[in-house]
Amino acid sequence: MMNTFIDIEPIDILSEKEYEKETGNLLDNIEQSIIVTETVDGKHVEVTKGTGVIDVANIVTKNSFINKVQDTQKEKIRQEKIRLDNANIEFPYIKNTLMTDAEIQLFNFMRNNLCHIEKILIFPKVRLADIIQVDTKVTVDKKYLWKITNKHVDYVICRADNMQVICVVELDDYTHETAEAKERDIFVMQALRETGIKTFRIRSKIKVVDRSDLELIDEEINTEFAPNCPYCGIKMIPRKCASGKNRGHRFYGCPNIIDC
């Protein structure tokens, strides 16, 4: 069966000068002001909503709850206006969180439960273009680079000694539920598979994830660190005892067990 690849339209990447030329002072000329009418205590009150900040009207009422909420909102808006007035328009950035709560929980769970944890490193939110690259001997078409520069994977597990990638782990939380996200997941898994990197997906709800959800990841890590057979020199493979009093016990065995 042939693999099906989904072409993604390339993103136009403009330099800083090109961006300024394209946009000019457009943002400086944009003003948005919407006036809506609300009813409080039987009175019609006009509330102005501007760009970024909502101005709360001064409502006179005997309702203590409304007054308390109104005072709290006014203070929040006052602080926000101060922040925006002093913002650096050349660097309009604010701090963001690296991972969602679910991603943090899985990260810590893997650190506490994966095998050979002293020999591996787990990196969250790694850009796809940092672990695979376009083979320029095959093509120099930049659209293939654009397909991987704007995507990332949830976790990359590497050897601690040489930073070689062992595998990729994806948490299928709510961020993977949209049709666009599913198309992205298909592309990422196909691209990684073509380079020989396995992807493991955790589909369990984070609150019920247990040791069994990491079994296939453990298998890949154990395979990476498998020693050579002391008799024939072939790299051994991880096995599991299927019966008897040692059932479930994991060990390394020679794949050439008949002739070794």
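For the structure itself, look to the data block above.
Report follows, based on the coordinates.

About the thresholds
Residues numbered from 1 in each chain as written. Predicted model: local features only at pLDDT ≥ 70, side-chain atom pairs only at ≥ 80, totals over all residues. Heavy atoms only, no water. Pairing = 2+ DSSP bridges. Helix = DSSP H or I, 4+ residues; strand = E, 2+ residues; numbered from the N terminus. Axes fitted to C-alpha atoms, helices over the stretch in contact; angles between N-to-C directions. Contact = heavy atoms within 4.5 Å. Polar contact = N/O pair within 3.5 Å; in protein donor to acceptor, adjacent residues only side chain to side chain. Salt bridge = Lys/Arg side-chain N within 4 Å of Asp/Glu carboxyl O. Buried < 20%, exposed > 50% of the residue type's maximum accessible area, 1.4 Å probe, protein only. Core = buried A, V, L, I, M, F, W, Y, C linked by side-chain atoms within 4.5 Å. Expected span 1.5 Å × (residues − 1). Patch = residues over 30% accessible without salt bridge, like charges linked within 9 Å, V, L, I, M, F, W, Y side chains within 5 Å. Areas by Shrake-Rupley, 256 points an atom, 1.4 Å probe, with all protein chains shown as cover.

As a further point, take the sheet that holds strand β3 (residues 120-127). Pairing within the open sheet is mixed, and its 4 strands lie in the order β3-β4-β5-β6. Lying at the two open borders of the sheet, with one neighbouring strand each, are β3 and β6 (198-202). Neighbour to neighbour, the strand axes of the sheet diverge by 30° on average, direction disregarded. Sheet topology note: the strand β4 (residues 152-159)/strand β5 (residues 165-171) ladder contains 4 bridges and is antiparallel. Counterpart to valine 156 in the pairing with β5 is valine 168. This element, helix α6 (residues 215-224), spans β3, β4, β5 and β6 of the sheet and lies at about 170° to β5.

When you line up the elements, arginine 184 lands in helix α5 (residues 179-194). Among the polar contacts listed, one links the side chain of arginine 184 to the side chain of aspartate 185, at a separation of 2.4 Å. Setting aside residues up to four positions removed in sequence, arginine 184 forms contacts with Lys151, His152, Val153, Glu170 and His176.

With that settled, consider the pattern of salt bridges. Tallied over the entire structure, the rule returns 13 salt bridges. Measuring nitrogen to oxygen at the nearest pair gives 2.4 Å for the salt bridge that ties aspartate 185 to arginine 184. We classify aspartate 185 as buried; its relative accessible area is 9%. Among the ionic pairs, lysine 198 bridges to glutamate 220, the shortest N-O distance being 3.3 Å. Pair noted here: lysine 198 is in strand β6 and glutamate 220 is in helix α6, with a separation of 22 residues, a long-range link.

Moving on, we come to the nonpolar core. By size, the foremost hydrophobic cluster in this structure holds 22 residues, and its most contacted members are Met110, Leu114, Tyr155, Ile157, Ile202, Ile217 and Ile221. For this core, the elements supplying multiple residues, two or more each, are α3 (101-113), β3, β4, β5, β6 and α6. Non-local contacts of isoleucine 217, meaning those with residues more than four positions away in its chain, are made with Leu114, Ile157, Cys167, Val169, Phe200 and Ile202. Listed in part, the 15 residues of the second largest apolar core include Ile132, Val153, Cys158 and Val168.

In a regular helix each residue adds 1.5 Å, so 16 residues correspond to 22 Å; α5 covers 23 Å between its end C-alpha atoms and thus fits that length. Looking at the buried positions of α5, the neighbouring elements they touch are α4 (143-149), β4, β5 and β6. Immediately downstream of α5, the backbone of glycine 196 shows phi near 90°, a positive value.

What follows covers the side chain of threonine 199. Structurally, the position occupied by threonine 199 is in strand β6. If we skip the residues at most four places from it in the chain, threonine 199 touches Val168, Glu170, Met189 and Leu192.

For aspartate 172, the position within the fold is in the loop between β5 and α5. Residues aspartate 172 and aspartate 185 lie 13 residues apart in sequence; the distance between their C-alpha atoms is 9.7 Å. Not counting residues up to four positions away in its chain, the partners in contact with aspartate 172 are Asp185, Arg201, Ile202 and Arg203. Side chain to side chain, aspartate 172 and arginine 201 meet in a polar contact 2.9 Å long.

Nonpolar side chains collect at one region of the surface, where Leu121, Phe123 and Met163 lie side by side and expose about 240 Å² of accessible area between them. Mapped onto the secondary structure, phenylalanine 123 falls in strand β3.

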